[in-house]
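# Residue-level structure breakdown
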Amino acid sequence: TGDIWDRIDAAEVEMTSSEAAWLSSQEDVEYVELNQTVEVSATPPLENWGLEHLDIPDAWDTGVTGEGIDVAVVDTGIESSHPSLNVTDGFSAVPGVTSYDDDNGHGTHAAGIIAANQPSAGLVGVAPDVNLYAVKVLDAVGRAPLSQVLSGIDWAIDQDVEVISMSFGTLTDSTTMQSMLDEAYEDGIIIAAAAGNRGEGTLPDGRVEYPARYDST
């Protein structure tokens, strides 16, 4: 047995294919699905034109800087010593790793887009005054079983954050993931996720990834 999520009546269990088939046939079991792997969605770095394109400086001029808003970055962690970032709190769901510091770099990059706050170095994110929560679910190579991601999201919900950001994806649907995110949405949390870089269309050439595809996201 592994993680248990009372919030959505789901649990991680190790079993054979025949055992899974038997369990799935039981009247009291709603579904059984594989503990799939999710991974970061990244492209080579491009010129950062986004702030001007979205008129973000105009929002700053009206006082909209993210102050008082708690944002959970569910990713590879955040480098707590980074001079452009202020991390309020964090959590690691990676087995054997207690620190939420970033072992990969992707989570720190994502956090910087959201909340970098070092104007003297020309580094400012979309909402530089938010409270960052580092939720480390992906390992040093940017991969994780779905169960780790669920545990991280579960922790973020418990922190009463206003926003959950996830820059990873998979082409495989998951009832468990959708249930957890629906719970977050029902709690009033805004959920943002990477659509991926495949575009629309049929597999394998194009597809908006999960969890971005869910209605709650």
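Details of the structure are given in the entry above.
First things first, this report covers the structure right here in the doc. (Residues numbered from 1 in each chain as written. Predicted model: local features only at pLDDT ≥ 70, side-chain atom pairs only at ≥ 80, totals over all residues. Heavy atoms only, no water.)

What follows concerns the overall build of the protein chain. Looking only at helices and strands, the protein chain features six helices and twelve strands. At 18 Å, the protein chain has a C-alpha radius of gyration in line with the 17 Å of a compact globule built from 217 residues. Taken along its principal axes, the extent of the C-alpha atoms in the protein chain is 60 × 40 × 30 Å. Residues classed as buried in the protein chain amount to 41% of the 217 residues present. Within the protein chain, counting contacts between residues at least 6 apart in sequence, those at least 24 apart form 73% of the total. When the accessible surface of the protein chain is split by element, carbon and sulfur atoms take 48% of a total near 11900 Å². The protein chain carries 6 positive and 39 negative side-chain charges, and their two centres are separated by 9 Å. (Helix = DSSP H or I, 4+ residues; strand = E, 2+ residues; numbered from the N terminus. Rg over C-alpha atoms; globule rule 2.2 N^0.38 Å. Buried < 20%, exposed > 50% of the residue type's maximum accessible area, 1.4 Å probe, protein only. Contact = heavy atoms within 4.5 Å. Areas by Shrake-Rupley, 256 points an atom, 1.4 Å probe, with all protein chains shown as cover. Lys, Arg positive; Asp, Glu negative; His and termini not counted. Charge placed at Lys NZ, Arg CZ, Asp CG, Glu CD.)

With that settled, the discussion passes to the sheet that holds strand 3 (residues 37-40). Taken in spatial order, the three strands line up as 9-3-11 in an open sheet, and their pairing is antiparallel. Each of the sheet's edge strands pairs with one partner strand only, and the pair in question is strand 9 (143-145) and strand 11 (168-169). As defined by bridge partners, strand 3 adjoins strand 9 across three bridges and the pair is classed as antiparallel. Looking across to strand 9, one finds that Thr37 is bridged to Pro145. In the packing of helix 5 (residues 146-158) onto the sheet, contacts are made with strand 3, strand 9 and strand 11, and the angle to strand 9 comes to roughly 90°. (Pairing = 2+ DSSP bridges. Axes fitted to C-alpha atoms, helices over the stretch in contact; angles between N-to-C directions.)

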